[in-house]
Amino acid sequence: MRNPSEIFNDLWAHYENEVVEFKKAENNFDFDELGQYFSALSNEANLRGKPCAWMVFGVWDQNHSIIGTRYRNSEKLLNELKYKIAQKTTDGITFREIYEITIEGKRILLFEIPAAPRNIIVRWDKIAWARDGESRVKMNQEKQDAIRFQAPLPDWSAVLVPSATTKDLDELAVAKARIMFKKVNSSRISSEEVDSWTLEEFLSHSEMMREGMLTRAAILLLGSPMSAQKIHPANPEITWVWKDGEDEVIDYEHFTIPYILTVDKIFDKIRNKTMRELPGGTLFPDTMTQYESYSIREALNNCIAHQDYSLGQRITVVENDNYLYYSNAGDFIPKTIEHVLNQKGPQNKYRNRCLCRGMVNFNMIDKVGRGIPKMFKEQRRRFFPMPEYDIKEHDKMVSLTIYGISSDDAYSDLLRSDPNLSLMECLWLDNIRRHVPITKEAAKILREKKLIEGRFPRYNIALSVAQKANQVSHYTKETGLEKKTQIKLILQLAKNSGNTGFKRKDAFDVLEKSLPDNMTQKQKITYIAHLLRAISADGLIQIDGKGKVWHITDIGVNELSR
């Protein structure tokens, strides 16, 4: 990724076009107008084959001068903007990144807007926008059709490998593939018929061979290690790493194709320890392993199926005492986990369709789209944190963490206290546990069920739920003291300070631990500054002429004695 300042200089060297927009936005900017520009620029980037478009605040578009901007002048407000934009766009698409830079001593904002996905028109509040030169206009039918009828991305895994022959295949891998094929297709093809096929016929029926030539998918699933060179620059390698609690590497090993056998080898490497007790002393009815075997395999098979092999990167599996971490290269095709969990049937878009069909035929994955939801349900059954996806669009990387132990007794107790929670509700509550923002629609559902309280973007588990789950102490720590109590503490500090008075740092030292755990240091400082101003406005304290020291007033003394 280039330095944001260099990106700005490149953009500023030219005037506006269909994928670049400059705005003054000295103090504010209309939210709806911003959303319309997002739609227009995203769609135009798609039509012009660009990976992204740019909107720049702090540059006067009329004379191209740098004036700076105070729009949403904090990291918190900029992060909130990402979530607000996502609530009104197609598929929840939002800014890939918002860069805050200083040019000529002035604050500039760079909004990186991802190109509309292939075949998908990005709409703002259900309306599609586009550009006509430098103007923002509603998208005409011609442009909509141009996106809607785009040819699908070519399937890398379906490309034929002219230099490969059946001698490049691993005999044991082919033998296992036959066994699995018969198992998957037993209802329509007899075992005897499959056994009668020649190798070429079997590969054709399993969609690994076409026109008498092997596909790249065949090399990945069934190829001997030496055949990997025939699909260069793809890097068909999976690295297993074992780390201790201090994140130090204890052991590692590199594995290669054939993947139909590699999955079993990596599965045998993972130390899936037997558990007899949950944190806190609650016994399982029977012993159970840290991870469900299905989840271990499903996560790895998903990495294989959805890896973007054109990027030349390897798949990684990291094992720790408390979790498994998987990562693979490529965009996350469904865009969000919520979309996957809400999907009624299988996904209709695949990066490696030929590879996926082969994996279905060989019983490595299923074709009804239940894999990810099943992993979530398994964690729910164990009262463990939900699988944690990290989707890095910039780096074209998707990672997954599966926890083999509950890291939060309060969360586990919450799941036990209400067995009727839906899978989506569990995901949202898990996000709240990890202080990850949820949408306002999700918050509305949880609030209506009286599961959470608080205001956007900081929500907490509701007191009634905390009481039911015997987690009142955790709730109190998360939510902090009531404002009345905080005011009393400030007044007591002011009284104790006498004629010397107290400074803002003193107030911070007194109140810091009384504030919610999910507040950042910067948010705590801002909150205390606002609280001091509010108490001063009520006449309870007053600041000296230099604006640095506060003293209690007679009204404040009376309030404290109540």
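Structure shown above.
Below: a short report on this structure.

1. Digging into the overall build of the protein
Phase 1: The number of helices and strands found in the protein is 22 helices and 23 strands.
Phase 2: Every one of the 562 residues in the protein was classed for burial, and the buried ones make up 48%.
Phase 3: Look at the contacts in the protein between residues 6 or more apart in sequence, and 64% of them connect residues 24 or more apart.
Phase 4: In the structure as shown, the protein presents an accessible area of about 28200 Å², 49% of it carried by carbon and sulfur atoms.

2. Some words on the packing of aromatic side chains
Phase 1: Scanning the entire structure with this criterion turns up 15 aromatic pairs.
Phase 2: Their ring planes at 75° and their centres at 5.4 Å tell us that Phe31 and Trp124 sit as a pair that is edge-to-face. Placement of the pair is Phe31 in helix α2 (residues 31-47) and Trp124 in strand β7 (residues 123-124), with a sequence separation of 93 residues.
Phase 3: An angle of 65° between the planes, with centres 4.8 Å apart, marks the rings of Phe57 and Phe111 as edge-to-face.

3. Digging into the sheet that holds strand β12 (residues 237-243)
Phase 1: As summarised here, the arrangement of the 6 strands in space is β13-β12-β16-β17-β19-β18, forming an open sheet in which the pairing is mixed. With partners counted over all chains shown, the strands left at the sheet margins are β13 (249-256) and β18 (388-392), one partner each. For this sheet, the mean angle separating the axes of adjacent strands, direction not counted, is 15°.
Phase 2: Lying over the sheet, helix α9 (residues 259-269) contacts β12, β13 and β16 (315-319), oriented at roughly 165° with respect to β13.
Phase 3: Contacts between helix α13 (residues 371-382) and the sheet are confined to β18 and β19 (397-403), with β19 contributing the most and set at about 30° to the helix.

4. Some points on the pairing of strand β6 (residues 106-114)
Phase 1: By the criterion of burial, β6 is predominantly enclosed, with 8 of the 9 residues buried.
Phase 2: Of the pairings in the sheet, the one linking strand β5 (residues 97-103) to β6 comprises 7 bridges and is antiparallel in character. The partner of Ile98 across the bridge, within β6, is Phe111.
Phase 3: Remark: 2 residues form the turn of the hairpin made by β5 and β6, two consecutive strands paired antiparallel; Glu104 in that turn has positive phi of roughly 55°.

5. Re unusual backbone geometry
Phase 1: At the junction of His232 and Pro233, the peptide bond is cis and its omega measures out at 15° in the coordinates.
Phase 2: Following the sequence through the fold, Pro233 ends up in the loop between α8 (216-222) and β12.
Phase 3: In this structure, the amide linkage connecting Ile257 to the following residue, Pro258, adopts the cis form with an omega of 5°.
Phase 4: You can see Pro258 is positioned in the loop between β13 and α9.
Phase 5: In this structure, Asp91 is a non-glycine residue whose phi angle is positive, near 55°.
Phase 6: Summarising the element assignment, Asp91 is placed in the loop between α3 (75-86) and β5.
Phase 7: We note that Asp125 has phi near 50°; this positive angle belongs to a residue other than glycine.
Phase 8: Relative to the helices and strands, Asp125 resides in the loop between β7 and β8 (127-132).
Phase 9: With relative accessibility at 41%, the residue Asp125 sits in the partly exposed group.

6. Observations regarding the sheet that holds strand β9 (residues 135-138)
Phase 1: An order of β7-β8-β9 is seen for the 3 strands of this open sheet, with the pairing classed as antiparallel. Two strands bound the open sheet, and with one partner strand each, they are β7 and β9.
Phase 2: Bridge analysis of β8 against β9 gives 4 bridges, and the strand direction is antiparallel. Opposite Trp129, over in β9, you have Lys138 as the bridge partner.
Phase 3: The strands that α2 touches are β7, β8 and β9; relative to β8, the one it contacts most, it runs at about 70°.

7. Quick look at helix α10 (residues 293-306)
Phase 1: Helix length check: α10 (14 residues) gives 20 Å between terminal C-alpha atoms against 20 Å at 1.5 Å per residue, within 8%.
Phase 2: Burial within α10 is extensive, with 10 of its 14 residues counted as buried.
Phase 3: Among the residues of α10, Ser295, Ile296, Glu298, Ala299, Leu300, Asn301, Asn302, Cys303, Ile304 and Ala305 are the ones counted as buried.

8. Quick word on the packing of α9 against α10
Phase 1: Following both chains from N to C, one finds α9 and α10 inclined at 140°, their axes separated by 11 Å at the closest point. The angle between α9 and α10 places the two elements in the oblique class. Once α9 is placed against α10, the crossing between them reads as right-handed. On the side of α9, the interface is formed by Tyr259, Val263, Asp264, Ile266 and Phe267, while α10 contributes Ser293, Ile296, Arg297, Leu300, Asn301 and Ile304.

Thresholds, definitions, all that
The written sequence of each chain sets the order in which its residues are numbered from 1. Only residues with pLDDT of 70 or above have their local features reported here, since the model is predicted, and side-chain atom pairs are shown and tallied only from 80 upward, although totals for entire chains, interfaces and linings are computed over all residues. Side-chain descriptors were evaluated using all non-hydrogen atoms of the structure, hydrogens and water having been removed beforehand. Under the scheme used here, helices are H or I runs from DSSP no shorter than 4 residues and strands are E runs no shorter than 2 residues, and both carry numbers assigned from the N terminus. The cut-offs for exposure are 20% and 50% of the maximum accessible area for each residue type, with area from a 1.4 Å probe on protein chains only; residues under the lower value are buried, those over the upper are exposed, and the others partly exposed. Throughout, a contact is declared for two residues whenever any of their heavy atoms are within 4.5 Å. Per-residue and other accessible areas follow the Shrake-Rupley method at a 1.4 Å probe size, with only the shown protein chains counted as cover for residues. Ring pairs are drawn from Phe, Tyr and Trp, using the six-membered ring of Trp, whenever the two centres fall within 6.5 Å, and their geometry is named by plane angle: stacked under 30 degrees, edge-to-face over 60, tilted for the rest. At least two bridges found by DSSP between two strands is the condition for calling them paired. To define axes, lines are fitted to C-alpha atoms, for helices over the stretch in contact only, and angles between the resulting N-to-C directions are given on a 0 to 180 degree scale. Each helix should span, by expectation, one fewer than its residue count multiplied by 1.5 Å. Working rule for angles: under 35 degrees goes down as roughly parallel, over 145 as roughly antiparallel, 65 to 115 as roughly perpendicular, anything else as oblique. Should the near helix be turned anticlockwise from the far one by less than a right angle, the crossing is termed left-handed; should it be turned clockwise, right-handed.

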